[in-house]
Amino acid sequence: MPGKTLEVPRWEYPPTSDKEFDYARLQTLDLSQITGDAYENVPEDVVKNIGDAFARDGFIYATNHGLTSEEIQKQFSIAQLAFDGVSEEDKQKYRAKILETGDFTGYKPRGHWKLKGVRDQIEHFSLQAHAFKKREEIFPPALLPLVDEIEEFNRYNHDHIFRKILSVLSLVLKLPPNYLWNLASNEEERFDLFRYALYHPPSPDEDAKTDGVRLQGHTDFNAVSLLYSQPIVSLQVLMPDNVWRYVRHVPDALVINLGDAMHFISGGYLKQTIHRVVSPPDPEQVPYRRLGVFYFAQFNRSTRLAPIAESPVASSTGKTFFDDGRQSPTAWEWECSRVKAYGQDGQKKVIDGGHEEEEMIGGEKVVHYN
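These lines cover the structure that appears in this document, whether it is placed above or below. (Residues numbered from 1 in each chain as written. Predicted model: local features only at pLDDT ≥ 70, side-chain atom pairs only at ≥ 80, totals over all residues. Heavy atoms only, no water.)

Brief notes about the overall build of the chain
For the chain, the helix and strand inventory stands at eleven helices and 17 strands. On the principal axes, the C-alpha backbone points of the chain span a range of 50 × 50 × 45 Å. The long-range share in the chain, meaning contacts at least 24 apart out of those at least 6 apart in sequence, stands at 76%. Looking at the chain as shown, the accessible area adds up to about 15,600 Å², and 48% of this sits on carbon and sulfur atoms. In the chain, which carries 42 positive and 55 negative side-chain charges, the distance between the mean positions of the two groups comes to 3 Å. (Helix = DSSP H or I, 4+ residues; strand = E, 2+ residues; numbered from the N terminus. Contact = heavy atoms within 4.5 Å. Areas by Shrake-Rupley, 256 points an atom, 1.4 Å probe, with all protein chains shown as cover. Lys, Arg positive; Asp, Glu negative; His and termini not counted. Charge placed at Lys NZ, Arg CZ, Asp CG, Glu CD.)

Regarding helix α11 (residues 331-341)
Counted residue by residue, α11 has eight buried out of eleven residues, so it is predominantly covered. Those residues of α11 lying buried are Ala331, Trp334, Glu335, Cys336, Ser337, Arg338, Val339 and Ala341. (Buried < 20%, exposed > 50% of the residue type's maximum accessible area, 1.4 Å probe, protein only.)

Considerations on the nonpolar core
Judged by nonpolar contacts, the single largest core of 101 residues is most densely connected at Tyr196, Val224 and Met262. Of the residues forming this core, the biggest block, eleven residues, is contributed by helix α6 (residues 147-172). In contact with Tyr196, other than residues within four places in its own chain, are Gln75, Ile78, Ala79, Ala82, Phe83, Glu123, His124, Phe125, Ile150, Gly292 and Val293. Core analysis: the second largest hydrophobic core is formed by six residues, Leu115, Val213, Tyr246 and Val278 among them. (Core = buried A, V, L, I, M, F, W, Y, C linked by side-chain atoms within 4.5 Å.)

Comments concerning the sheet that holds strand β2 (residues 59-63)
Sheet strands pair via backbone hydrogen bonds, and the direction of the pair is either parallel or antiparallel. Read from one edge of the open sheet, eight strands run β1-β2-β12-β9-β14-β7-β6-β3, paired in mixed fashion. The sheet is open, and its two borders are formed by β1 (28-30) and β3 (106-108), each paired with just one other strand. The average angle at which neighbouring strand axes cross in this sheet is 25 degrees, direction not considered. Across four bridges, the pairing between β2 and strand β12 (residues 254-258) is antiparallel. Counted as the bridge partner of Ile60 is Ile256 from β12. Along the sheet, helix α1 (residues 44-56) makes contact with β1, β2 and β12, crossing β2 at roughly 140 degrees. (Pairing = 2+ DSSP bridges. Axes fitted to C-alpha atoms, helices over the stretch in contact; angles between N-to-C directions.)

Notes on the packing of aromatic side chains
In the structure shown here, the tally under the stated rule is 18 aromatic pairs. Geometrically, the ring pair formed by Trp11 and Phe76 is stacked, given 4.7 Å between the ring centres and 20 degrees between the ring planes. Here Trp11 is found in the segment before β1, whereas its partner Phe76 is found in helix α2 (residues 69-84), with 65 residues between them in sequence. Residue classification places Trp11 among the buried residues on the basis of a relative accessible area of 8%. Residue classification places Phe76 among the buried positions, given a relative accessible area of 0%. For the pair Phe83 and Tyr107, a centre-to-centre distance of 6.5 Å together with 80 degrees between the ring planes defines the contact as edge-to-face. Of this pair, Phe83 sits in helix α2 while Tyr107 sits in strand β3, and the two are 24 residues apart along the sequence. (Phe/Tyr/Trp six-rings, centres within 6.5 Å; stacked < 30°, edge-to-face > 60°.)

Structural notes on the environment of Phe322
On the secondary structure map, Phe322 appears in the loop between α10 (312-316) and α11. For Phe322, a relative accessible area of 1% translates into the label buried.

Topic: the pattern of salt bridges
Taken as a whole and judged by the stated rule, the model has 26 salt bridges. Two residues, Arg135 and Asp148, come together in a salt bridge whose shortest N-O distance is 2.7 Å. Highlighted residues: Arg135 in helix α5 (residues 135-138) and Asp148 in helix α6, separated in sequence by 13 residues. With relative accessibility at 40%, the residue Asp148 sits in the partly exposed group. Between Arg190 and Glu187 there is a salt bridge, with the nearest N and O atoms lying 3.8 Å from each other. Through salt bridges with shared partners, one network takes in Arg155, Asp159, Glu187, Arg190 and Asp192. (Salt bridge = Lys/Arg side-chain N within 4 Å of Asp/Glu carboxyl O.)

Some words on the packing of α2 against α6
Two elements in contact, α2 and α6, have axes separated by 12 Å at closest approach and are oriented at 130 degrees. For the element pair α2 / α6, the angle class is oblique. Note that α2 runs across α6; the crossing there is left-handed. Along the contact surface, α2 presents Lys74, Gln75 and Ile78, while α6 presents Glu149, Ile150 and Phe153. When its residues are assigned to classes, the contact of α2 with α6 shows three nonpolar, one polar and two charged. (Parallel < 35°, antiparallel > 145°, perpendicular 65-115°, else oblique. Left-handed = near helix turned anticlockwise from the far one by under 90°. Nonpolar A, V, L, I, M, F, W, Y, C, P; charged D, E, K, R; others polar.)

In structure tokens form, the structure reads like this:
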């Protein structure tokens with residue numbers, strides 16, 4: 001990806017932990033194996049192995065994505081600037097209207113979410129695809145000179161990385177390789193979400209009240225999530241044996257997981273895995289802030305979240321959602337519903353294990369894992 005030049009303070013990676021923890025054993029996808037003008041050529045063993053991994057674990061690593069170490073580090077540097085180089089006044093001015101519209105675009109301040117009565121210590125700056133058409137409205141002045149570079153990085157994630165993953169998943173579902181891409185490539189209906197996030201260390205008292213959980217266990221709302229790996233050991237995945245395991249840092253790799261939207265259209269075959277963020281188990285990493293770069297890829301706004309009838313895999317599960325499909329929302333409706341409700345004091349039912357169940361749009365229930 002050709003990059004544009006503008007000097008920003010360089011972000012330095014925190015030290016990588018040299019300690020061994022209970023890490024999840026995740027499959028790795030070599031993206032360079034997916035070829036062709038439309039990324040239609042996928043080796044059979046890749047379809048088999050990645051399909052099994054996404055049906056079983058819901059999380060994988062991806063390497064050889066075409067981005068250099070410098071290009072990735074530059075995005076972390078821009079992320080650092082988005083928080084340290086923008087005044088609190090401007091963060092408030094460019095605040096996301098999360099509760100009003102169900103759209104994360106803009107700044108989310110610390111304290112918007114609550115867990116066990118404790119307000120979160122996470123701030124993020126998020127950009128839906130429409131943000132690049134409204135630059136002066138969305139971007140604070142400190143970031144305006146970097147908009148072209150940020151947009152180019154977004155476009156690469158969508159047109160190359162996301163598209164390759166959709167080719168694999170289409171074949172997993174025994175569909176033509178471009179099937180899922182056709183549900184995600186309408187420029188007028190795109191609402192993928194790009195995010196810079198900063199996790200501030202909570203106080204010891206706050207950490208104790210939440211048992212060290214800094215972001216409650218949840219599934220993502222979208223189709224495919226891309227996380228650029230970073231050194232702080234903090235992300236945990238609930239594995240098939242019902243054990244929380246850490247995700248190991250792999251330099252320059254992507255950590256990829258599937259969200260609700262992909263789970264629904266696959267008839268539940270592809271797993272939207274529960275994950276959370278906790279206090280680092282390595283005491284040497286506890287004082288560090290955790291900086292993140294994410295791309296939450298979506299289907300088109302109008303895509304109906306119902307099992308794909310043309311897919312023999314989706315049809316074979318026998319699973320239905322949203323009142324047997326009678327109330328299936330669009331991808332946009334589901335996203336807005338979950339964004340507005342997440343981390344708020346809505347009507348929740350305590351279920352086994354002390355987790356909380358909440359009814360969403362279409363009567364579908366989601367679980368918030370404590």
